[in-house]
Amino acid sequence: MSIYKDYLKEIEDRKVQGLHPKPIDGAELLSKIIEQIKDVDNEYREDSLNFFIYNVLPGTTSAAGVKAKFLKEIILGESVVKEITPAFALEQLSHMKGGPSVEVLLDIALGSNVALAKEAAEVLKTQVFLYEADTARLEEALKNGNTIAKDILESYAKAEFFTKLPDVEEEIKVVTYIAGVGDISTDLLSPGGDAHSRSDRELHGQCLFEHNKDMQNELLALKEQHPDKRVMLIAEKGTMGVGSSRMSGVNNVALWTGVPFSKYVPFINFAPVIAGTNGIAPIFLTTVSVTGGIGIDLKNWVKQKDADGNTIVDADGEPVLKQTYSVDTGTVLTINTKTKKLYKDGEELKDISAALTPPKMEFIKAGGSYAVVFGKKLQTLACKILGIDIPEVYATSKEVSIEGQGLTAVEKIFNKNAVGNTPGKTLHAGSNVRVEVNIVGSQDTTGLMTSQELEMMAATVISPIVDGAYQSGCHTASVWDDKSKANIPRLMSFMNDFGLITGRDPKGKYFPMTDVIHKVLNDITVGDWDIIIGGDSHTRMSKGVAFGADSGTVALALATGEATMPIPESVKVTFKGQMKSYMDFRDVVHATQSQMLKQFGGENVFQGRIIEVHIGTLTSDEAFTFTDWTAEMKAKASICISEDDTLIESLEIAKGRIQIMIDKGMDNANQVLKGLVDKANTRITELKTGIKPALRPDANAKYYAEVIIDLDEIAEPMIADPDVNNEDVSKRYTHDNIRPLSYYGGTKKVDLGFVGSCMVHKGDMKILAQMLKNIEAQQGKVEFKAPLVVAPPTYNIVDELKAEGDWDVLVKYSGFEFDDSAPKGLARTKYENMLYLERPGCNLCMGNQEKAEPGDTVMATSTRLFQGRVVKDSGEKKGESLLSSTPVVVLSTILGKTPTLKEYEAAVDGIVLTKFKPSQKQLVQ
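The structure contained in this document is the topic of the report that follows. (Residues numbered from 1 in each chain as written. Predicted model: local features only at pLDDT ≥ 70, side-chain atom pairs only at ≥ 80, totals over all residues. Heavy atoms only, no water.)

### Things to note about the pairing of strand β15 (residues 432–436)
Pairing of strand β14 (residues 418–419) with β15, which is carried by two bridges, proceeds in the antiparallel orientation. Looking at the pairing, Val419 lines up with Arg434 of β15. Of the pairings in the sheet, the one linking β15 to strand β21 (residues 562–566) comprises five bridges and is antiparallel in character. For Val435, the partnering residue across the bridge sits in β21 and is Ala563. (Pairing = 2+ DSSP bridges. Helix = DSSP H or I, 4+ residues; strand = E, 2+ residues; numbered from the N terminus.)

Take a look at the structure:
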């Protein structure tokens, strides 16, 4: 059967699912389609024309290269297609976003046919995705006296590709749709279990609202009732988009409610409108901006205050809320982009200027942030070539500089890495800054989208600015099924060619690694002044400052080596008191959230800000447990302030692990990993000699708030509880409900335990081994009354445990040990009461491959407790995922219930759970 017939069969298969033909990205299929177009008597010619015109992915896909070449033939008269005139061929090229299309346009614009050259030049003036090779051709032509090249460059210098775009509508009419009450996880918009389909946008769109057809039909009905309005998705009494950046979630919302990007490129929509009572989660808001969307903080429910200004609470100690205005489903509102207000029936409801800042208005006008980022870069290059000053076209970046005020740690990092700001000007929080990025991470369930984004922005190689970048295989590590076999090798090949270090070698020279990406990034980050961008919300390193990002922002960082964002405010966290010997550091993490909320009357002062934690004495592995959890605290990012000796120790550990990667053969031709080892050695020398101490904030830095955590108050293990049966649905599935172990009275049934995810480190695995030995010594045997699934984060940890003897202990008590020579091909649906030693990776935490049995109560070390993430509901009972420390999880599975404090203390007797002590040094300068 021919490749075209195969495509027709796939189309029939998709019809059964209610889907249109899949967009074409392959050269072989499109070449066959072109062959059929040229044959005027071909039975498939009409369909082939439609596929060619309306169903080819743009950018640097192999299909785009074939399409651009054929369009060039038509423009030059070498091929004649009556349905595609030369003018229409140029229009098609204008929608192809760079790469082969720009190459063709340059060929024609710089060619000998003056009439065609002028037409191609007019199209080129609308394009922004040009790279150095493209502008170099224009520069060379300019030197040779080519007037058309001069005309194009002058247009770029004026940024006419931006200025000639239509202005943003003054009034945008929206109709509301309440997508949920309380915090809405991005899992609702793009469930983890559907990660495999994210790069197939139409197919993935079917999973919106977790495949809830009733909600989808309600949304469609609203659109039919209000054809002149956009639907605004709302998180009532909550924050929209908590949990992750999830570009696929924004893509889904845009597909259902947004505006088509091009009539020639299917299923790529932009400009969604999203809102929440408590705004949009920080990393998700960045993703909304990528697509030129609008994210609104409604504040339509407010906390009630008494006469003294104190928050009024109910019988359960929860703040009492009052509705200031209704946004019930079907409410018609008006967004005025001039006054920057939200209106209902002409009456002002809310100032929304934060959603419509000058930079965000530019994103909306340009159809997304990429066009603005590349446009600024292109304008700068053109002005440099022409030798002229850069005209002020784009809104000037907001620069906040307060004389006499010191710098927080994040302000210092941003000032060091800033580009394009006023020379010599010190910037404080609130400034909007372009910064160079040191480390970039791409993970496997968003990586296919990142590769698509790179193709669509016509990028072919990683920016030389980036010190190192890594493509993981951790989110699909648990089950090596047909979907993984189809997607992951293709992803690894693309990213390896692009210049990333990849967990899997396309040539098979080194053994595939499924290490959790955050752990790898934590090791390859060897600068405490570094900026890290990663395609996951848990990109929160214990060195430098790291930001979780959507697949598009990751692509932008890989292609340009830059990111643009405001400098966030910071909250300073310090510690006092002394930990009890039976407490785990995870308990400190949860207590930080609990004590913060108590200190500030239920207000989450961490939300949208940097948590500057003065960790002092903890090396990067254990400190990462804190920074990792700050995603659940709704922080924008976090920074660890370490003592010099501690940072040196962390860098030595990182060097050793990078060297292991080098020894395995993972370095590339540019010797990226060797460069990171060299950078670590340089930093260690600076620290030892005192030339440049560890990153410190200034003593007179200004913080939004300061939080002091009293370790003496942590008397028992702390558990984050989803509170699945709370009568107020807005209080369910938040990470703010932190309970002490005694709350459960030692009686709550536990159906499954999970020790794994990015929240654990080597120390957790050793604690597990020691606990099993303790329990055997105390009870004569180890018997599990609930399954215990264990997934070490990295292969390095497994190797180190084997060398130290702890792995043998775990194997002794296990009923299953992973086998890389025969990885699981199917996800488990049933678990036995035993210990499972799973392949390194995310496992249950991700929720896209394996899950607990529906209705289970799970005790886990992982990060997410959202509905359906780790465990689905059953017909009889809601699934719930309680999050706690490794020792609590282990003991819960031995007992089949939550332990009493007495049982817990006995099980951890003699085990050093953490060596954390507050630093006695002033970690400021």
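### Considerations on helix α27 (residues 762–779)
Over its 18 residues, α27 runs 26 Å from end to end, which matches the ideal 26 Å to within 8%, given 1.5 Å per residue. Every buried residue of α27 is accounted for by Lys762, Asp764, Met765, Ile767, Leu768, Ala769, Met771, Leu772, Asn774 and Ile775. Note on α27: the residue one or two positions beyond its end, Gly780, has a positive phi of about 85°. (Expected span 1.5 Å × (residues − 1). Buried < 20%, exposed > 50% of the residue type's maximum accessible area, 1.4 Å probe, protein only.)

### Some details on the state of the cysteines
Applying the stated criterion across every chain, the model contains zero disulfides. No disulfide involves Cys845; its sulfur sits 5.9 Å from that of Cys758, the nearest cysteine. (Disulfide = S-S within 2.5 Å.)

### Some details on the pattern of salt bridges
A complete count under the given rule lists 58 salt bridges for this structure. One salt bridge connects Arg246 with Asp187, and the closest N-O pair in it is separated by 3.1 Å. Of this pair, Arg246 sits in the loop between β4 (240–242) and α14 (247–257) while Asp187 sits in helix α11 (residues 186–189), placing them 59 residues apart in sequence. For Arg246, a relative accessible area of 6% puts it in the buried group. For Glu776, the salt bridge goes to Lys812, with nearest N and O atoms at 3.3 Å. Within this pair, whereas Glu776 is found in helix α27, its partner Lys812 is found in helix α29 (residues 806–813), the two being separated by 36 residues in sequence. By relative accessible area, which is 26% here, Glu776 ends up partly exposed. Beyond isolated ion pairs, a larger network of salt bridges with shared partners links Lys762, Lys766, Glu800, Glu804 and Asp806. (Salt bridge = Lys/Arg side-chain N within 4 Å of Asp/Glu carboxyl O.)

### Topic: the packing of aromatic side chains
One pass over the structure, following the stated rule, counts 23 aromatic pairs. When the centroid spacing of 4.8 Å and the interplanar angle of 35° are considered together, the rings of Phe162 and Tyr394 count as tilted. You can see Phe162 sitting in helix α10 (residues 160–163) and its partner Tyr394 sitting in the loop between α17 (369–386) and α18 (409–417), a full 232 residues away along the chain. Taken individually, Phe162 and Tyr394 each receive the classification buried, so the pair is uniform in this respect. Ring centres of Tyr831 and Tyr836 lie 5.8 Å apart, and the angle between their planes is 85°; this geometry places the pair in the edge-to-face category. Exposure class is identical for Tyr831 and Tyr836. Each is buried. One aromatic cluster is present, built from ring pairs that chain together Tyr4, Tyr7, Tyr44 and Phe51. (Phe/Tyr/Trp six-rings, centres within 6.5 Å; stacked < 30°, edge-to-face > 60°.)

### Thoughts on empty space enclosed by the protein
Taken as a whole, this structure holds 13 cavities of 30 Å³ or more when the rule is applied. Reported here for the largest cavity is a volume of approximately 200 Å³. Taken together, the residues of the lining of the largest cavity sort by class into five nonpolar, 12 polar and five charged. Space inside the second largest cavity adds up to approximately 150 Å³. Lining of the second largest cavity is provided by 17 residues; of these, Val242, Gly243, Ala631, Glu632 and Lys634 occupy positions nearest its centre. Classifying every residue of the lining of the second largest cavity gives eight nonpolar, four polar and five charged. (1 Å grid on protein atoms, 1.4 Å probe; cavity = no way out; pocket = protein on both sides within 12 Å on 5 of 7 lines; lining within 4 Å. Points joined across faces, edges and corners; volume = space filled by probe spheres on them. Nonpolar A, V, L, I, M, F, W, Y, C, P; charged D, E, K, R; others polar.)

### What to know about the environment of Ser551
For Ser551, the position within the fold is in helix α22 (residues 551–560). A residue is classified by how much of its surface remains accessible, and Ser551, at 2% relative accessible area, is buried. Put simply, Ser551 and Asp523 are 28 residues apart on the chain and 22 Å apart in space, counted from C-alpha to C-alpha. If we skip the residues at most four places from it in the chain, Ser551 touches Met247, Thr446, Met449, Thr450 and Glu453. (Contact = heavy atoms within 4.5 Å.)

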